[in-house]
Amino acid sequence: LTILVNSLHNLSKTYGEITLEHIISYFTRIIYLFAGDEFTLDYISKMCGNINDKECLISITELKLFKHFEALVLKSRLLPFKTKLLPFYEYPRNK
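Procedures and definitions
- Residues numbered from 1 in each chain as written.
- Predicted model: local features only at pLDDT ≥ 70, side-chain atom pairs only at ≥ 80, totals over all residues.
- Heavy atoms only, no water.
- Salt bridge = Lys/Arg side-chain N within 4 Å of Asp/Glu carboxyl O.
- Helix = DSSP H or I, 4+ residues; strand = E, 2+ residues; numbered from the N terminus.
- 1 Å grid on protein atoms, 1.4 Å probe; cavity = no way out; pocket = protein on both sides within 12 Å on 5 of 7 lines; lining within 4 Å.
- Points joined across faces, edges and corners; volume = space filled by probe spheres on them.
- Nonpolar A, V, L, I, M, F, W, Y, C, P; charged D, E, K, R; others polar.
- Pairing = 2+ DSSP bridges.
- Axes fitted to C-alpha atoms, helices over the stretch in contact; angles between N-to-C directions.
- Contact = heavy atoms within 4.5 Å.

A. Here's a closer look at the pattern of salt bridges. For the coordinates displayed, the defined rule picks out three salt bridges. Ionic pairing is found between glutamate 70 and lysine 82, a salt bridge with its closest N-O pair at 4.0 Å. One end of the pair, glutamate 70, is in strand E2 (residues 70–75); the other, lysine 82, is in strand E3 (residues 81–84), with 12 residues separating them in the sequence.

What follows is the structure, given as structure tokens:
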């Protein structure tokens, strides 16, 4: 199952906060590319966890500054990691 969401805030307004939590609980991986609203940025930052009591592993500011083709991958039972995606036009083609 693949779901593309532009804003978790809009999803929660449409389906409600409790339903949003249920929907997200079924995801085995989340790939963050970009978000413009504070609700989504805060949610993703909190899902990454903290380095210590006061410092987030990845801050909202860092999430806002992702460049094109950068992604944050959150996968069940693994630490989140930042990676670069290969643009579709650079994929090797079968000839």
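The rest of the description comes next.
B. Just the layout of surface pockets, in detail. The space that makes up the largest pocket amounts to roughly 700 Å³. Taken together, 23 residues make up the lining of the largest pocket; nearest its centre are Ile3, Leu4, Val5, Ile30 and Ile31. In terms of residues, the lining of the largest pocket owes the most to one element, strand E1 (residues 29–32), which gives four residues. A class-by-class count of the residues in the lining of the largest pocket yields 17 nonpolar, five polar and one charged.

C. Fine view of the sheet that holds E2. Spatial ordering of the open sheet is given by E1-E2-E3, a layout of three strands whose pairing is antiparallel. Bordering the open sheet on either side are E1 and E3, each of which pairs with just one other strand. This sheet shows a mean twist of 30 degrees between the axes of neighbouring strands, independent of strand direction. Across the sheet, helix H3 (residues 38–48) touches E1 and E2, and the angle it forms with E2 is around 55 degrees.

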